[in-house]
Structures are given as structure tokens and as C-alpha cells.
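Chain by chain, the residues:
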Amino acid sequence: MKKTFDSGSVESICSWMGEHVAHLVPEIEHRAKAELAVEINRMKGERDAIILGHNYMEPALYHLVADVTGDSLELCRKAAVASQQVIVFCGVEFMAETAKIINPSRTVLIPSEKAGCSLAQSITADDVRALKARYPGVPVVTYINTYADVKAETDVCCTSGNAAKVVAALDSDRVIFIPDEYLARNVARETGKTIIFPDDGSNGCGPNTFIGWHGKCEVHELFGVQDITDVRRQFPDAVVLAHPECPPEVVEASDFSGSTSAMIAYVQETDAPHYLLLTECAMADNIVAENPAKELLRMCSHRCPHMAQITLEDTLAALQNLQYEVDVPEEIRIKAKASIDRMLEIG
Ligand code: 13P
Ligand code: SF4
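**Q** How would you sum up the sheet that holds strand β2 (residues 68-70)? Please name residues and give values.
**A** Strand order in the open sheet formed by four strands is β2-β1-β3-β4, with parallel pairing between adjacent strands. Each edge of the open sheet carries a strand with a single partner, namely β2 and β4 (107-109). Strand-to-strand twist across the sheet, computed as the mean angle between neighbouring axes with direction ignored, equals 20°. Across three bridges, strand β3 (residues 86-90) lies against β4 in parallel orientation. Bridge assignment links Ile 87 to a residue of β4, and that residue is Val 108.

In C-alpha cells form, the structure reads like this:
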């Protein structure tokens, strides 16, 4: 978004907040947030830092201090070419780790040490080694929502924005696709593959098959078809967008599915009376702040507790104290980088 405020002026930021986020951020908080934002923006210059902000960041952080916003793929590309000495990653740990893997000479900071991810937590490097031993020669495609040691066991990474493209680029009709069960099921459907799981009793692996894993996003797994039915009963004209981490029946019942940035672009480029976004709720707030005429319906009971760890206060502390620095052992980093580089080559 083109910034229409002076990022070094509390008054200018307060006036922007009054116009754009008055209904999203309580007015009593505007001045305190504006003061924090001014100090963060000043510290960025002092530290030679860039702030990368995921689309799920809360509106003040997303609009007032992030230099670049985007989905995992866009932020990964940006991190790879960042020329600043310090990268502050306002997102979750696997994202900051990815930035360190691909741009190791930079100091990469994450403002909270508690910003994990249920998907990244769902699989270990030992699990991947066991899968490779059980299905020898089958390439491993790993969702970027994983930690470095898992990426190091991977042939090629993917994100929600390029998963089908990555699979199509492989010279193999069998793929170990981990760890998100629902993303795997959604991409398998899109690419005409059958899916099996190591624990479902199937022996061997036939042609045109994904070997999946039972990882789930603790936010997106909570959406159900009934949610769509309920909203459509009240708003029959609602266009429904679902992130591909949602269960396949939810994606099938939706009008559009794509990465967080693809969902934002869809809302910006179309003209529906109502939109329902089946994803972390902060993203709808960010879209509304930028596009006040759009009517976004919210299902805000499902929030990502990990993304919510990242606050303006902690972002300022990250710059002041150069905390929390993300590091990856060199041997793992080099192997993990190869799987990310392959993904970036594919697109
Ligand atoms: P995107 O890559 O689509 O932004 O997704 C990241 C994520 O963690 C979604 O829950
Ligand atoms: Fe992980 Fe889900 Fe949170 Fe995204 S929304 S960071 S996939 S737990």
C-alpha cells in the first residue's frame, strides 16, 4: 500500500489511523501505537534494518512499520535480496529461519520467541528420513511451513502460492508431499493425484500418487462447510475465499482458493457485495484498512496464536536489543537452501 502518512510523525500517523483503522483499532490506542511506530521507523534507519511483515500481522504493524508485506513466497523472495544489514521478520519462526537460510550474511531477528506453527511442529527430520527409506527414489516436496532440518531432507520446497506448479515441474508422478494433509489433498485434487498415508495400511505406492502426512494448521482446520452454509444463508451474494490449508471439502465449497496474497488480490480485483475469507482474521482487517468500500464478513473466533505474538512493542524491542537472533547450523543451512533455491527457480 502506498503510505499516505509521514512515518516519522505521530500526528500524521494518528490522523491516518483515524481515517483508515478507526473501526479496527480502538481510538484510545492510536496515539500509543503511533508513538511506537515512529520510534520503530527511526530505529530502522539507525540499525540499517528492513521489516518484512506477513499478511497476518495486526493492522497497525502491517500498515505503519512493515517495509514489505506479503505471503510466504513473496517474503522469501524479498528476504533473498534484502540489502539491509538487519532483517526483522514480523511473522512466525519458520519464516524468519527461511530468511536466514537464504540470506545468511544478514542478521535476522524475530520479535518473539513464541511464534511457532502447528504445521512446522508436526514433522521432524527423522520422520522425513523414515519416509525416504520407505519410498526410495520418490522426491520430497515440503511445505515452507517447516523447520530448517526438515527442509534439509527435502528435494524442493513449496508454498501455498506455488505448490501445484512445483509438483508439475517434477519429473516424477509420485511425490512425498509433507507435512500439511489438507494442502496435500487440495493439490492432489488439482493435479489429478491419489493420496495415501504411511499409516493407512497401504503397501507400496502406485503411479500418480502423493504420500502425505497428517500435519494440520490449527487455524484453518477449524473451518467447516457448515460455516459457509451458515454465512450464505444470511448473505447469499457472499463470495467465499478459502486458504488451501483448509479441509478439501471447504475449499471445494468455496469460490476461490489461493495463498494469502492471492486472496488479497482477488478481493481487490473483483467487485462482490460481500466477501468471506476463511483464514486468519487480521488479514481481513488489513484489506479493509486499504479498501474501505469492501464488505468483508469475519469469522474471528479462529485466530493464529503464533502470529499474534508479534506486537509493535516486541518489534521495537527487537530493534533496540537486536533480539531474537535466528541462526541455523551451517551444514543444515546449505542443504535447506538448496531446496528453497529449487523452489525459487520453479517460480
Ligand atoms: P501464505 O504463504 O499463503 O501467506 O500462508 C502462510 C501461512 O502460514 C498460512 O497460514
Ligand atoms: Fe502456522 Fe496455521 Fe498459524 Fe499459518 S495460521 S502460522 S499455518 S498455525
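Okay, back to it.
**Q** Explain the packing of helix α1 (residues 10-20) against helix α2 (residues 30-47) to me, and be specific about the residues and the numbers.
**A** Viewed as axis vectors pointing N to C, α1 and α2 meet at an angle of 130°, and their least axial separation amounts to 9 Å. With respect to their mutual orientation, α1 and α2 come out oblique. When the axes of α1 and α2 are compared, the crossing they make is right-handed. Together, Val 10, Glu 11, Ile 13, Cys 14, Met 17 and Gly 18 of α1 and His 30, Arg 31, Lys 33, Ala 34, Glu 35, Ala 37 and Val 38 of α2 make up the contact between the two elements. Of the residues assigned to the contact of α1 with α2, the class counts are seven nonpolar, two polar and four charged.

**Q** How would you sum up the site of ligand 2? Please name residues and give values.
**A** In the neighbourhood of ligand 2, the contacting residues comprise Tyr 56, Val 92, Cys 117, Ser 118, Leu 119, Asn 145, Cys 217, Val 219, Glu 245, Cys 304, His 306 and Met 307. Split into classes, the residues belonging to the shell around ligand 2 amount to eight nonpolar, three polar and one charged.

**Q** Can you break down the nonpolar core residue by residue, with the values?
**A** Counting residues in each nonpolar core, the largest one holds 102 residues, and the members touching the most others are Leu 64, Phe 177, Phe 210, Leu 277 and Met 343. Not counting chain neighbours up to four residues away, the residues in contact with Phe 210 comprise Val 167, Val 175, Phe 177, Ala 184, Val 187, Ala 188, Thr 191, Lys 193, Thr 194, Ile 195 and Ile 196.

**Q** How would you sum up the environment of Cys 76? Please name residues and give values.
**A** By the element assignment, Cys 76 lies in helix α4 (residues 72-81). We classify Cys 76 as buried; its relative accessible area is 4%. The sequence separation of Cys 76 and Leu 222 amounts to 146 residues, and the corresponding C-alpha distance is 27 Å. Residues in contact with Cys 76, not counting those within four places in the same chain, are Thr 98, Ile 102, Ile 144, Ile 340, Met 343 and Leu 344.

**Q** Go over the pattern of salt bridges, please, and point to the residues and values.
**A** For side chains bearing opposite charge, pairing can occur when the charged atoms are close. Scanning all chains against the criterion turns up 19 salt bridges. Among the salt bridges present, the one from Glu 153 reaches Lys 132, with a minimum N-O distance of 2.9 Å. Of this pair, Glu 153 sits in the loop between α8 (148-151) and β6 (156-158) while Lys 132 sits in helix α7 (residues 125-134), and the two are 21 residues apart along the sequence. Exposure remark for Glu 153: the relative accessible area of 13% places this residue in the buried category. Owing to a relative accessible area of 29%, Lys 132 belongs among the partly exposed residues under this scheme.

Conventions used here
- Residues numbered from 1 in each chain as written.
- Chains lettered and ligands numbered in written order.
- Predicted model: local features only at pLDDT ≥ 70, side-chain atom pairs only at ≥ 80, totals over all residues.
- Heavy atoms only, no water.
- Pairing = 2+ DSSP bridges.
- Helix = DSSP H or I, 4+ residues; strand = E, 2+ residues; numbered from the N terminus.
- Axes fitted to C-alpha atoms, helices over the stretch in contact; angles between N-to-C directions.
- Parallel < 35°, antiparallel > 145°, perpendicular 65-115°, else oblique.
- Left-handed = near helix turned anticlockwise from the far one by under 90°.
- Contact = heavy atoms within 4.5 Å.
- Nonpolar A, V, L, I, M, F, W, Y, C, P; charged D, E, K, R; others polar.
- Near = heavy atom within 4 Å.
- Core = buried A, V, L, I, M, F, W, Y, C linked by side-chain atoms within 4.5 Å.
- Buried < 20%, exposed > 50% of the residue type's maximum accessible area, 1.4 Å probe, protein only.
- Salt bridge = Lys/Arg side-chain N within 4 Å of Asp/Glu carboxyl O.

Functional significance is not addressed by these values, which are geometric in nature.
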